[in-house]
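Observations on the three-dimensional arrangement
Okay, here's what each chain looks like letter by letter:
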Amino acid sequence: MKETKLAFIADTHYFSKTLADNGRQYHLRSGSDQKCLKESGDLIDAGFAKLAQSDCDAVLIAGDVTNDGETVCHEEFREKLKVLQKSKPVYLITATHDWCSDDNPRRFAGDLILHDVPTMHHTALRDFYADFGPNQADSEFRTHLGVCSFTVDVGENVRILALNDDQNGRGGAGFSEEHFQWIEAQMAKAKRDGKLVIGMEHHLLIAHVHPLVFGGGTCVAEREMVASRLADAGLRYMFVGHSHVSAIDSFTSKNGNTITEVNIGSLVGYPAPILFVTVCDDGLHVRMDRIERFTYEGKEYDAQAYLARHATDLFDRAMEGALISKQEFADRLTALQLKGNDLKNLYYILHPVAKLYFGATVNTLAKCMRLVGLGRFLDPAAVRQYRDKPFRDFVHETWLSILDGHGLGNEDENYKKLVLGVADALVQVRACKLTLEIRQMLRTVVTSDYFKDAVI
Ligand SMILES: [Fe+2]
Ligand SMILES: [Fe+2]
């Protein structure tokens, strides 16, 4: 079979610079998001330049192309697509952030958040992006929202099944019965045509890493039913976005059919992944590349360092709020889309924790834990090895390892023992309702490498 080379990206979340100044509200919003906002256009430019120079046969984008469906974001983003399309065929699906499904459009001006931002209606999206899928499609399905799924051939033997899973008509993400029947008919047709089908949708079929983080609304509703139905229709591969994390997992239906899902992280957040996929006789060779450098406001940055810092600032800014004042803490929680005013009394508990967070090394953490009778959870040899390492570095490194999908599998045993020891101590003190799940999740992060370059 002739090899076909594809490139997948997701969650470009393009944010127009016209939607914000450099005021307090923008900084609260920007500092409470793992991905970038105003930098997104420059990161996309860097990513698109890389794609244009690559040897891929087509570029595929798995939804959430704009920040939140703002018309200006769609218009500016489409101009970037048109430039890329001069070098490569580009196909995309839209997703719920492309029509502001939460009905809460925002722009930021000084101390104000304004909601007077025009957004694109879901019925307009299909025609707006017609040159990036529908016009080249072999077959197309319009959902009850007016958005579309389509099939398109991208190589001699490869067909993309691009699915819009915004709503299933029953209140969740997924597919209506009519939509499923169209998918099943496309799978049967592809078999007759001798095509390998590769699926792309936005929401997950599999709760990667742990259901605590990627279960619920991150997946399509009734995820096992949907995954089974797709697998039983003969679909072997699905590429998804939405979680902003990279991962690969498989699901096998009761009938014994397996579908492998590749979750693509956000292009505008750490680690700015671009997945290059070569379709060969022995399967799909998946390799993660990353944006290395980008230019923002006239200055060139190391993209990996910049994005890692932006992602870890999420924790640091919330903790910093707990050092400053009760009101600042509440404002920063609100920026994180939490109920800041309801939670602001947590300030009294988190104030000393924040001091520890910013100041403690492993050694001071161990001393504090011994003082409150939790010393047994930290392995003495591990404490000795890492005694001078700031505790905050462990939080940062764990978070980044979740985002890039590499877990902490490559760290040494003592490192893993420390992370798990803290998790076990949290369970002991029942720090919150979810401690058991958090520990289980950390065990997964510590022990597995859930995204690695692979043949699937
Ligand atoms: Fe997203
Ligand atoms: Fe999403």
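Residues numbered from 1 in each chain as written. Chains lettered and ligands numbered in written order. Predicted model: local features only at pLDDT ≥ 70, side-chain atom pairs only at ≥ 80, totals over all residues.

1. Some thoughts on the overall build of the chain
A tally of regular secondary structure across the chain gives 16 helices and 17 strands. In terms of C-alpha radius of gyration, the chain reaches 23 Å, essentially the compact-globule figure of 23 Å for 456 residues. With respect to the three principal axes, the spread of C-alpha positions in the chain is 70 × 50 × 45 Å. Sorting the 456 residues of the chain into buried and exposed places 46% on the buried side. Long-range pairs, those at least 24 residues apart, make up 69% of the contacts in the chain between residues at least 6 apart in sequence. (Helix = DSSP H or I, 4+ residues; strand = E, 2+ residues; numbered from the N terminus. Rg over C-alpha atoms; globule rule 2.2 N^0.38 Å. Buried ≥ 20, exposed ≤ 12 C-beta atoms within 10 Å, placed from the backbone. Contact = placed C-beta atoms within 7 Å.)

2. As for the domain arrangement of the chain
Taken domain by domain, the chain holds domain 1 (4–291) and domain 2 (309–455). Using C-alpha coordinates to define each centre, domain 1 is positioned 31 Å away from domain 2. Between domain 1 and domain 2, the contact holds 26 residues from the first and 26 residues from the second. Where the side of domain 1 that touches domain 2 is concerned, the elements lending two or more residues are helix H1 (24–30), helix H6 (211–214), strand E11 (247–252) and strand E14 (283–290). In terms of residue count, the dominant contributor to the side of domain 1 that touches domain 2 is E14 (six residues). By residue class, the composition of the side of domain 1 that touches domain 2 is 13 nonpolar, ten polar and three charged. (Domains from an automatic or database assignment. Nonpolar A, V, L, I, M, F, W, Y, C, P; charged D, E, K, R; others polar.)

3. Some thoughts on the sheet that holds strand E6 (residues 139–142)
Here we have seven strands laid out as an open sheet, ordered E6-E7-E8-E9-E10-E12-E11, and mixed in their pairing. Looking at strand neighbours, the two that pair on one side only are E6 and E11, the edges of this open sheet. Each strand axis lies, on average, 20° off the axis of its neighbour in the sheet, ignoring direction. Bridge count for strand E9 (residues 196–200) against strand E10 (residues 237–240) is two bridges, and the pairing is parallel. Among the inter-strand pairings, Gly199 is bridged to a residue of E10, identified as Met238. Contacts from helix H7 (residues 223–232) reach E9, E10, E11 and strand E12 (258–263), with the element oriented near 115° to E12. (Pairing = 2+ DSSP bridges. Axes fitted to C-alpha atoms, helices over the stretch in contact; angles between N-to-C directions.)

4. As for the nonpolar core
Judged by nonpolar contacts, the single largest core of 132 residues is most densely connected at Phe8, Leu43, Leu60 and Ala62. Broken down by element, this core gets its largest block of residues, seven residues, from helix H8 (residues 303–324). When we break this core down by domain, the ones giving at least three residues each are domain 1 (4–291) and domain 2 (309–455). Not counting the four nearest positions on each side in its chain, Leu60 is found in contact with Leu6, Phe8, Tyr91, Ile160 and Met200. (Core = buried A, V, L, I, M, F, W, Y, C linked by C-beta atoms within 7 Å.)

5. Some points on H7
Of the positions making up H7, those classed as buried are Arg223, Val226, Ala227, Leu230 and Ala231. Seen from one end, H7 has its buried residues packed into an arc of 130°, which puts them on one side. Its buried side turned inward, H7 meets E9, E10, E11 and E12. Positive phi appears at Gly234, one or two residues downstream of H7, with a value of about 105°. (Arc of directions from axis to C-beta.)

6. Regarding the sheet that holds strand E2 (residues 58–62)
Pairing between sheet strands relies on hydrogen bonds along the backbone, with the strands arranged either parallel or antiparallel. Taking strand neighbours across the sheet as the criterion, the six strands line up as E3-E2-E1-E13-E14-E17 in an open arrangement whose pairing is mixed. The sheet is open, and its two edges are formed by strand E3 (90–93) and strand E17 (454–455), each paired on a single side. Both E14 and E17 contribute to a ladder of two bridges, which runs antiparallel. Across the sheet, His285 pairs through a bridge with Val455, a residue of E17. In the packing of helix H2 (residues 40–53) onto the sheet, contacts are made with strand E1 (4–9), E2 and strand E13 (273–280), and the angle to E13 comes to roughly 20°.

7. Some points on the packing of H8 against helix H9 (residues 326–335)
Where H8 meets H9, the closest approach of the two axes is 6 Å, and the angle between their N-to-C directions is 160°. Considering their axes alone, H8 and H9 lie roughly antiparallel with respect to each other. Contacts between H8 and H9 involve Arg317, Ala318, Gly321, Ala322 and Ile324 from the first element and Glu328, Phe329, Arg332 and Leu333 from the second. (Parallel < 35°, antiparallel > 145°, perpendicular 65-115°, else oblique.)

8. Here's the deal with the pairing of E3
Where burial is concerned, the two faces of E3 agree: the one with Val90 and Leu92 and the one with Tyr91 and Ile93 are both buried. Bridge count between E2 and E3: four bridges; the pairing is parallel. Each residue of the ladder has a partner; that of Ile61, found in E3, is Leu92. Crossover E2 to E3 through helix H3 (residues 71–85) is right-handed. (Right-handed = clockwise from strand over helix to strand, strands pointing away.)

9. Regarding helix H14 (residues 391–404)
An α-helix turns once per 3.6 residues; consequently, residues spaced three or four apart project the same way. Taking 1.5 Å as the rise per residue, H14 with 14 residues should run 20 Å; its terminal C-alpha atoms sit 21 Å apart, in good agreement. Burial in H14 covers these residues: Phe391, Ser401, Ile402, Leu403 and Asp404. Looking one or two residues beyond H14, the residue adopting positive phi is Gly405, at roughly 80°. (Expected span 1.5 Å × (residues − 1).)

10. Considering the packing of H8 against helix H11 (residues 347–359)
The contact between H8 and H11 brings their axes to 8 Å, and the two run at 115°. You can see that H8 and H11 cross each other, and the crossing is left-handed. Of the residues in H11, those touching H8 at Met319, Ala322 and Leu323 are Tyr347, Leu350, His351, Ala354, Lys355, Tyr357 and Phe358. Looking at the contact of H8 with H11 residue by residue, the classes come out as eight nonpolar, one polar and one charged. (Left-handed = near helix turned anticlockwise from the far one by under 90°.)

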